[in-house]
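So the chains spell out like this:
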Amino acid sequence: MILPLLLSLVAPAAAEAPPPYSGRESQVRVEIPRIEEQVKVDGILSEAAWERAARLVGFSQYAPVDGRPAENATEVLVWYSPSAIHFGIRAQAEAGTVRASLANRDRLDAEDAIEIFLDTFHDGRQATVFIVNPLGVQADGALVEGTRTQSGGFSGLSTGREQPDLSPDFVFDSKGRLTPEGYEVEVRIPFKSLRYQAAQQQDWGLSVIRRVQSTGHEDSWTPARRAGTSFLAQAGTLAGISDLRPGLILDVNPVVTAKTDGAPSASGWGYDTSRPEVGGNVRWGVTSNLTLNGTVNPDFSQVEADASQFTFDPRTALFFPEKRPFFLEGIEQFTTPNNLIYTRRVAAPVAAAKLTGKVAGTRLAALLAVDGEETSATGRDHPFFGIVRLQRDMGSHSRVGLVYTDRIEGAASNRVAEVDAHLAFASLYALDVQGALSRTRETDVRLAPLWQAVLVRNGRRFGLRHALTGLHPDFRAESGFISRGGIAHANLDHRVTLFGPPKGLSESLSSDVVLDGIWRYHDFAAGPMLERKLHFHNNLTLRGGWKAGASVLIESFAFDPVLYQGYALAAPPGSGTPILPFVGTPHLDNLDYVVTLSTPEYSTFSGSLFYIWGRDENFFEWSPADIKYLTLTADWRPTQQVRVGAQYQLQSFDRRDGTTVGIRRIPRLKVEYQLSRAIFFRVVGEYDASRQDALRDDGRSEFPIVIRDPATGTYVPAVRSERNRFRVDWLFSYQPTPGTVVFAGYGSTLTEPEGLRFRALRRDRDGFFLKVSYLFRM
């Protein structure tokens with residue numbers, strides 16, 4: 001049954017397959033004119049300067065299938081003045097097919113968009129990214145290739161470009177408008193917002209991607225191929241850029257914040273109102289390629305709380321991304337394999353300084369911070385962080401990197417030294433290797449290693465990823481994020497991708513076979529395995545943007561006594577021994593199924609489904625359970641200004657007798673009204689309802705489980721428990737440019753005894769906050 005489908009996909013595609021990627025840079029080279037003229041950024045390309053601009057045409061399809069002609073014509077005009085580089089975009093589209101709204105900044109996933117990748121050092125490794133939708137609404141970020149080595153997960157190994165990190169924000173101007181032919185957008189990027197070479201005359205790399213939501217396609221200006229180790233190496237070249245005069249690069253950003261927190265008090269409800277705090281940030285362009293940032297008493301409040309997440313394994317820590325403005329400047333330069341730098345470890349700094357840039361082929365990132373959060377036993381010591389990241393270019397697309405992190409708190413300290421390398425070869429292959437050593441001083445001194453090797457082949461039809469990672473139980477990275485330590489992990493992923501005919505129903509089908517194994521670190525290669533996994537993933541992309549996936553997961557988990565070292569059993573009365581040891585089943589064999597589905601980004605609606613079900617481990621009692629993991633999302637955009645996003649998450653574990661040992665449900669609703677590009681109102685409501693049954697030795701003795709209290713050493717029955725929290729956050733936001741903001745908000749947490757009843761909600765805590773800042777650009 002499957003073979004005819006595969007043949008129908010591969011046979012037509014074989015005849016029109018694009019030539020293989022050669023590993024060489026694109027030969028597209030354009031001389032762009034220097035024009036001593038100032039233009040108004042209004043989305044109307046009518047000034048004389050645009051008639052003299054360089055003209056970039058000849059777009060071809062990049063995704064989901066590369067090498068085919070673009071279905072819609074795109075023209076990009078580019079020129080530069082002494083202080084800025086200008087882009088004008090004319091994009092043709094059929095009437096009624098353009099997706100454009102007054103979206104929030106950096107939230108353009110549902111929009112048609114133009115993505116501009118500026119490789120100002122012309123090294124084919126990193127780029128500053130500027131994204132605009134047809135109305136000129138902005139997103140921005142950075143892309144540094146070869147620093148992420150994660151596996152593909154249920155979606156399988158991907159081909160094509162790495163996605164940019166949209167955390168950094170840059171100051172630039174853009175305006176767009178819809179036209180009878182499609183849309184036009186005008187973009188002005190000041191040289192003050194860029195780092196670039198110190199040379200008098202220089203060439204820059206440029207890639208331009210057009211996203212078309214009505215078809216689900218991405219078109220590229222240069223004939224880029226999805227196969228290969230680098231997308232940026234296939235960029236075109238903007239030649240002959242000279243005599244750039246950005247002037248003094250100095251940004252001063254004072255910040256004033258005020259907040260009041262409410263909680264129950266003896267008189268009913270009381271608020272703890274603190275004095276307003278004043279802080280500030282400074283950004284100084286030491287040279288055109290080196291930037292120094294400093295902050296004193298910064299405000300690191302987040303205007304939106306982190307969304308709740310599920311974990312599939314309690315031994316794995318949850319990762320939350322950085323959102324705080326000071327750390328987002330140049331954050332891409334701190335990226336390392338295995339997240340050895342994680343700036344959220346600096347909880348609330350009193351002061352911090354950061355230096356980032358590129359000098360003589362070496363990328364430099366250094367951070368010094370004194371944390372205001374006192375965590376020592378005395379309560380007097382403020383942790384000090386020192387972090388350095390260096391990366392040196394090698395050959396055409398390879399690099400070697402170094403990391404040193406230091407966290408000192410009184411007499412205690414944690415230091416990590418690391419070396420890593422990204423070696424690209426034979427056009428399609430890359431080898432990433434890493435070795436690190438931590439030295440931790442507490443009551444004693446412990447040295448421990450981390451090591452990793454990852455081989456990737458990013459072919460168009462066949463890809464693979466072979467990874468081997470080891471983390472010693474004593475390895476600590478207190479300036480980083482280690483999801484799970486004390487293990488050795490091997491992962492082998494092989495992908496085959498087939499392509500459908502042009503304008504056919506099926507555009508691509510990818511199938512992955514994954515072998516995965518985990519050992520305790522000291523048992524690696526010789527001892528028993530903790531986990532064995534065999535996964536089969538299939539992902540189908542249909543014309544128009546529909547995506548569907550199906551997976552089968554065959555797994556075996558061994559009992560981990562470390563996870564249950566505090567567990568015991570309460571023996572029946574009269575047995576003579578009140579407490580019995582908890583001895584889990586040696587192995588649990590699992591069989592799970594996964595279905596995923598996502599709709600196209602329609603003009604007013606999009607949605608997605610993620611569902612896992614089957615027989616899996618019940619970590620509460622270490623026994624088999626029937627599990628369900630469900631995530632449903634829906635986004636509704638009834639007008640250009642209103643956005644409604646809904647999400648529902650479910651996690652449940654049912655014993656073999658049909659009783660439920662644990663269930664967690666998280667509905668979340670976000671409503672936004674965009675009054676203008678700079679002003680929006682938002683309300684977010686999230687309900688987190690969780691319930692756990694009284695634990696027992698399920699499927700074995702059926703005795704009640706008791707858990708040792710670390711404080712007293714006594715065993716406490718694991719009784720039935722329930723927690724239900726409803727969180728509501730309101731926000732008014734005015735942000736005309738990054739750094740100039742007014743945020744005013746209110747958040748409240750309510751609880752009730754029965755989940756999702758909304759009948760007995762009681763306020764648990766709440767708070768108001770106000771933040772005002774202004775960016776002075778010298």
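Given the structure is predicted, the values throughout are model-derived calculations rather than measurements. (Residues numbered from 1 in each chain as written. Predicted model: local features only at pLDDT ≥ 70, side-chain atom pairs only at ≥ 80, totals over all residues. Heavy atoms only, no water.)

Colleague: Describe the overall build of the chain, listing the residues and the values that go with them.
Modeller: Across its full length, the chain carries 3 helices and 43 strands. The globule rule puts the C-alpha radius of gyration for 778 residues at 28 Å, and the 28 Å found for the chain is close to it. Principal axes of the C-alpha set define a box for the chain whose edges measure 95 × 70 × 55 Å. (Helix = DSSP H or I, 4+ residues; strand = E, 2+ residues; numbered from the N terminus. Rg over C-alpha atoms; globule rule 2.2 N^0.38 Å.)

Colleague: Explain the pairing of strand E38 (residues 705-708) residue by residue, including any values.
Modeller: When strand E30 (residues 567-570) meets E38, the two strands line up antiparallel, connected through 3 bridges. Within the sheet, the bridge partner assigned to Leu 569 lies in E38 and is Ile 705. Both E38 and strand E39 (residues 715-717) contribute to a ladder of 3 bridges, which runs antiparallel. Across the sheet, the residue bridging to Arg 708 is Tyr 715, located in E39. The turn linking E38 back onto E39 is made up of 6 residues, and Gly 713 within it adopts a positive phi angle of 80°. (Pairing = 2+ DSSP bridges.)

Colleague: Residues and numbers for the pattern of salt bridges, please.
Modeller: Note on pairing: side chains with opposite charge can pair once their charged atoms come close. According to the stated counting rule, one finds 60 salt bridges in the structure shown. Measuring nitrogen to oxygen at the nearest pair gives 2.6 Å for the salt bridge that ties Arg 211 to Glu 115. Here Glu 115 lies in strand E6 (residues 113-119) and Arg 211 lies in strand E11 (residues 201-212), a separation of 96 residues in the sequence. Across the pair, exposure class does not vary: Arg 211 and Glu 115 are buried alike. (Salt bridge = Lys/Arg side-chain N within 4 Å of Asp/Glu carboxyl O. Buried < 20%, exposed > 50% of the residue type's maximum accessible area, 1.4 Å probe, protein only.)

Colleague: Go over the sheet that holds strand E2 (residues 54-56), please, and point to the residues and values.
Modeller: The antiparallel open sheet is built from 5 strands, whose spatial order is E2-E4-E5-E10-E9. Edge strands, defined here as strands with exactly one partner in the open sheet, are E2 and strand E9 (173-179). Direction aside, neighbouring strands of the sheet carry axes that sit 15° apart on average. In this structure, strand E4 (residues 74-80) lies alongside strand E5 (residues 84-92), joined through 7 bridges in antiparallel fashion. Counterpart to Val 76 in the pairing with E5 is Ile 89. (Axes fitted to C-alpha atoms, helices over the stretch in contact; angles between N-to-C directions.)

Colleague: Describe the packing of aromatic side chains, listing the residues and the values that go with them.
Modeller: This model, assessed by the stated rule, comprises 36 aromatic pairs. Plain terms: the ring middles of Trp 451 and Tyr 521 are 6.4 Å apart, the flat faces sit at 50° to each other, and that makes the pair tilted. Of this pair, Trp 451 sits in strand E24 (residues 445-458) while Tyr 521 sits in the loop between strand E27 (506-520) and strand E28 (529-542), and the two are 70 residues apart along the sequence. What makes Tyr 521 buried here is its relative accessible area of 15%. Through a chain of ring-to-ring contacts, three or more aromatic side chains come together here, namely Phe 557, Phe 559, Tyr 564, Tyr 567, Phe 582, Phe 619 and Trp 622. Over the ring of Phe 499 we find Arg 460; its NZ or CZ atom is 4.1 Å from the centre of that ring. Above the face of the Trp 269 ring, Arg 763 is positioned so that its terminal group lies 3.9 Å from the ring centre. (Phe/Tyr/Trp six-rings, centres within 6.5 Å; stacked < 30°, edge-to-face > 60°. Lys NZ or Arg CZ within 6 Å of the ring centre and 35° of its normal.)

Colleague: Explain the nonpolar core to me, using residue names and the numbers behind them.
Modeller: One finds Ile 32, Ile 85, Phe 87, Leu 118, Ile 189, Trp 204 and Leu 206 to be the most contacted residues of the largest nonpolar core, which totals 33 residues. At the level of secondary structure, the elements contributing two or more residues to this core comprise E2, E4, E5, E6, strand E7 (126-132), strand E10 (182-190), E11 and strand E13 (236-242). Of all hydrophobic cores here, the second largest spans 21 residues; its members include Tyr 567, Phe 610, Ile 627 and Ile 705. (Core = buried A, V, L, I, M, F, W, Y, C linked by side-chain atoms within 4.5 Å.)

Colleague: Go over the confidence of the model for the chain with me, naming the residues and quoting the values.
Modeller: Per-residue confidence for the chain gives a mean pLDDT of 90, with 93% of residues at or over 70. Confidence drops under pLDDT 50 across residues 1-24; counting only partners more than four residues distant or on other chains, this segment forms 40 contacts. (pLDDT = per-residue confidence, 0-100. Contact = heavy atoms within 4.5 Å.)

Colleague: How would you sum up a nonpolar patch on the surface? Please name residues and give values.
Modeller: A cluster of nonpolar side chains, namely Leu 248, Val 282, Trp 284, Val 286, Leu 292, Tyr 774, Phe 776 and Met 778, defines an oily patch on the protein surface of about 710 Å² accessible area. When residues in the nonpolar patch are grouped by element, the largest group, 3 residues, is from strand E16 (residues 277-287). Here Met 778 shows up in the segment after strand E43 (776-777). Here Met 778 falls in the partly exposed class, since its relative accessible area comes to 44%. (Patch = residues over 30% accessible without salt bridge, like charges linked within 9 Å, V, L, I, M, F, W, Y side chains within 5 Å. Areas by Shrake-Rupley, 256 points an atom, 1.4 Å probe, with all protein chains shown as cover.)

Colleague: Provide a residue-level description of the pairing of strand E8 (residues 138-144), including the pertinent values.
Modeller: The element E8 is extensively covered by neighbouring structure, given that 7 of its 7 residues are classed as buried. Where burial is concerned, the two faces of E8 agree: the one with Gln 138, Asp 140, Ala 142 and Val 144 and the one with Ala 139, Gly 141 and Leu 143 are both buried. The antiparallel pairing of E7 with E8 creates a hairpin that spans 5 residues between the two strands, and Gly 136 there sits at a positive phi of about 90°.

Colleague: Pulling in residues and values, what's your account of the environment of Ile 663?
Modeller: As for its position among the elements, Ile 663 is in strand E36 (residues 660-674). Along the backbone, Ile 663 and Gly 88 are 575 residues apart, and their C-alpha atoms lie at a distance of 53 Å.

Colleague: Break down unusual backbone geometry for me, citing the residues and quoting the values.
Modeller: Cis geometry is adopted by the peptide bond preceding Pro 64, which originates at Ala 63 and carries an omega value of 5°. Within the fold, Pro 64 resides in the loop between strand E3 (60-63) and E4. The residue His 122 is not glycine, and still its phi comes out positive at about 50°. Inspection of the secondary structure assignment puts His 122 in the loop between E6 and E7.

Colleague: Help me get a handle on the environment of Ala 70, residues and values and all.
Modeller: Turning to its location among the elements, Ala 70 is positioned in the loop between E3 and E4. Its relative accessible area of 22% is what places Ala 70 among the partly exposed residues. Contact partners of Ala 70, with chain neighbours within four places excluded, come to Phe 59, Ser 60, Gln 61 and Asp 219.

Colleague: Hey, could you go over the side chain of Thr 469 for me, with residue numbers and the actual values?
Modeller: Position of Thr 469 among the secondary structure elements: in strand E25 (residues 462-471). In this structure the side chain of Thr 469 is engaged in a polar contact, spanning 2.8 Å, whose partner is the side chain of Gln 452. Contact partners of Thr 469, with chain neighbours within four places excluded, come to Asn 338, Trp 451, Gln 452, Ile 487, Ala 488 and His 489. (Polar contact = N/O pair within 3.5 Å; in protein donor to acceptor, adjacent residues only side chain to side chain.)

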